[in-house]
Amino acid sequence: MENFFEKLDSALKNNSIVKMTLSKSVSKNNELRNIYVKPILLKDNKMYQFTYRYDRRDETKNFDARQMMEQVRSMVPATFQNVSLFTLTEDVTLLVSKKGKPTLMCKKINENREVDMNHDHEKQRLIDPSNPWWHLLGLTSRDGKVIADMQHKFKQICKYVEIVDGVMRQTKFDDEIHIADMGAGKGYLTFALYEYLTTHYDKKIVMEGVEIRKDLVLKINDIIEKCKLQNFKFIENSIENYKPSNIDVLIALHACDTATDDAILKGIRNNAKLIICAPCCHKQIRREMEKSGKTDAITKYGIFLERQAVMITDAVRALVLEYCGYKTQVMEFIEIDNTPKNVLLVGRKSDKPVDKEALAKQIKELLGQYGIEEHYLWKNLWKNCRAY
Ligand SMILES: C[S@@+](CC[C@H](N)C(=O)[O-])C[C@H]1O[C@@H](n2cnc3c(N)ncnc32)[C@H](O)[C@@H]1O
């Protein structure tokens, strides 16, 4: 154990700590999952930022080198049994067994590492919580601080913006980008994307949130007006009946069940350059699977049937997008506790020809395998429409 603290002490003296994590809590009931430590520069003083990661929130505190050492000594091994220390020259791992026996592993490294002294807040500041709309939306206090219960939501919002930005940067747009957010709900993600794009993109951003609930639409449009935001409005309508003038980017995040299909269809029919959706509650296919009574070694178990319904629904959505000329990616979305809503489907319109026959065969075979008579999106693709 002392060998570890000597290593830590010398890394502190040499200013060579890149990062460190304290993990494996002694108590199972410890809400604190782990602590992430990194060096930062605060008003020209070298400090160590401790991020305390709880189940639903993070807290940060900054310590100088002496305090940092005291903190670690007070928590290892009393609270945490594992430490991973990354320095400029070596990786040091301390593992303490249940019986309190420590094992120290050190590995010299060959790569060139740097000590990143940026404050994490600065890096994550994709969204500025001091903007007035965040207070009006109920995420921040009057003085622009994210309120405790909304920390998790705010983190999700920032992560969402980061992911969508990454996807959008790979797509060519004209001078105006028209974005339609389907089933926009309380508008958190719509405002976040609007804020980010209007401050980071050198293009005119036109944003429409489509929402069926009148109360939400009235509330959000009032906030937009109060904050004098340009080219941004919520429209009270169903996704099916929404008539956009133009869509470059179609977004549908957690639009319930087949509302996601309606949104994808809206994007396809309006020739959107990008279709981004995070599907939610896959009831339609589950009902079809139950109706068919066809089960296999997986779907004979209720919970797997449910998961398979999610997979089939979204796999067919991905195939339909490909069928309609979209290069499709399935990505991991933001982790949302205890829900399967963590998949992001991204379709990017492509000029490359696709083998429609092979794709249609794959769709039909997949549906047939589980006795599914209809997949809402696949069926509606053919309704009142030109041949795809
Ligand atoms: C789960 S919320 C998601 C809100 C937001 N996109 C988000 O991810 O935070 C789904 C929203 O979609 C709306 N919605 C559901 N079906 C819809 C439809 N067919 N047309 C328009 N809005 C719909 C609901 O009223 C609800 O506000």
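A quick note: this is a predicted structure, and the numbers were derived from the prediction, not measured.

So, about the overall build of the chain. Scanning the chain for helices and strands turns up 12 helices and 14 strands. Principal-axis analysis of the C-alpha atoms places the extent of the chain at approximately 75 × 55 × 40 Å. Evaluated residue by residue, the chain yields a buried proportion of 32% over its 388 residues.

Around the ligand, the surrounding shell holds 17 residues, and the nearest of these are G183, G185, I212, L253 and A259. For the shell around the ligand, the secondary structure elements donating two or more residues are α6 (188–200), β9 (204–211) and α8 (259–269).

We now examine the domain arrangement of the chain. Entries for the chain in the domain assignment read domain 1 (2–122) and domain 2 (126–380). Placing a centre on the C-alpha atoms of domain 1 and another on those of domain 2 gives a separation of 38 Å.

With 13 residues, helix α7 (residues 214–226) ought to run about 18 Å at 1.5 Å a step, and its terminal C-alpha atoms sit 18 Å apart, in line with that. Within the span of α7, buried status applies to V217, I220 and I224. For α7, the angular spread of buried residues about the axis comes to 75°, placing them on one side. Across from the buried face of α7, at angles greater than 90 degrees, the exposed residues are K214, D215, L218, D222, E225 and K226. The elements touched by buried residues of α7 are β9 and β10 (232–236). Of the residues trailing α7, K228 is marked for its positive phi of about 50°.

One key point about sheets: their strands pair by backbone hydrogen bonds, in either a parallel or an antiparallel sense. Taking strand neighbours across the sheet as the criterion, the 7 strands line up as β10-β9-β8-β11-β12-β14-β13 in an open arrangement whose pairing is mixed. Each of the sheet's edge strands pairs with one partner strand only, and the pair in question is β10 and β13 (326–332). When the angles between neighbouring strand axes are averaged without regard to direction, this sheet yields 15°. Bridge analysis of β13 against strand β14 (residues 343–349) gives 7 bridges, and the strand direction is antiparallel. Bridging from a neighbouring strand, Q329 pairs with V346 of β14. With respect to the sheet, helix α10 (residues 302–323) is in contact with β12 (274–278), β13 and β14, its orientation differing from that of β13 by roughly 150°.

This paragraph deals with the sheet that holds strand β4 (residues 58–63). Ordered in space as β4-β3-β2-β1-β5-β6-β7, the 7 strands form an open sheet in which the pairing is antiparallel. For this open sheet the edge positions go to β4 and β7 (102–108), each flanked by a neighbour on one side alone. Ignoring strand direction, the axes of neighbouring strands in this sheet form an average angle of 15°. Sheet topology places strand β3 (residues 45–54) next to β4; 6 bridges connect them, and they run antiparallel. Across the sheet, residue T51 finds its bridge partner in β4, namely T60.

By the bridge criterion, 10 bridges tie strand β2 (residues 32–42) to β3 in an arrangement that is antiparallel. Its bridge partner being in β3, Y36 is matched across the sheet by T51.

A few words on the packing of helix α1 (residues 2–13) against helix α2 (residues 65–75). The contact between α1 and α2 brings their axes to 11 Å, and the two run at 160°. With respect to α2, the element α1 is oriented roughly antiparallel. Of the two possible hands of crossing, α1 and α2 adopt the one that is right-handed. Seen from α1, the contacting residues are F5, L8, D9 and L12; seen from α2, they are A65, M68, M69, V72 and R73.

This brings us to unusual backbone geometry. In this structure, P77 follows V76 across a cis peptide bond, with omega equal to 5°. Take P77: it is sitting in the loop between α2 and β5 (80–87). A positive phi angle, near 55°, is found at N15, a position not held by glycine.

Let us now look at the environment of A309. Within the secondary structure, A309 is located in helix α10. Taking the C-alpha atoms as reference points, A309 and R287, 22 residues apart in sequence, are found 8.8 Å from one another. Apart from the residues within four sequence positions on either side, A309 is in contact with H282, I285, R286 and M289.

Mapped onto the elements, N15 comes out in the loop between α1 and β1 (17–25). Owing to 13 C-beta atoms within 10 Å, N15 belongs among the partly exposed residues under this scheme. Measuring from C-alpha to C-alpha, the distance between N15 and K46 comes to 9.1 Å, with 31 residues separating the pair along the chain.

The next thing to look at is the packing of helix α5 (residues 151–168) against α6. Here α5 crosses α6 at 50°, and the two axes come no closer than 10 Å. Considered as vectors, α5 and α6 are oriented oblique to each other. Seen from above, α5 lies across α6 with right-handed handedness. Here α5 contributes K153, I157, Y160, V161, V164 and D165 to the contact with α6, which in turn contributes Y188, L189, A192, L193 and Y196.

Parameters at a glance
- Residues numbered from 1 in each chain as written.
- Predicted model: local features only at pLDDT ≥ 70, side-chain atom pairs only at ≥ 80, totals over all residues.
- Helix = DSSP H or I, 4+ residues; strand = E, 2+ residues; numbered from the N terminus.
- Buried ≥ 20, exposed ≤ 12 C-beta atoms within 10 Å, placed from the backbone.
- Near = placed C-beta within 6 Å.
- Domains from an automatic or database assignment.
- Expected span 1.5 Å × (residues − 1).
- Arc of directions from axis to C-beta.
- Contact = placed C-beta atoms within 7 Å.
- Pairing = 2+ DSSP bridges.
- Axes fitted to C-alpha atoms, helices over the stretch in contact; angles between N-to-C directions.
- Parallel < 35°, antiparallel > 145°, perpendicular 65-115°, else oblique.
- Left-handed = near helix turned anticlockwise from the far one by under 90°.

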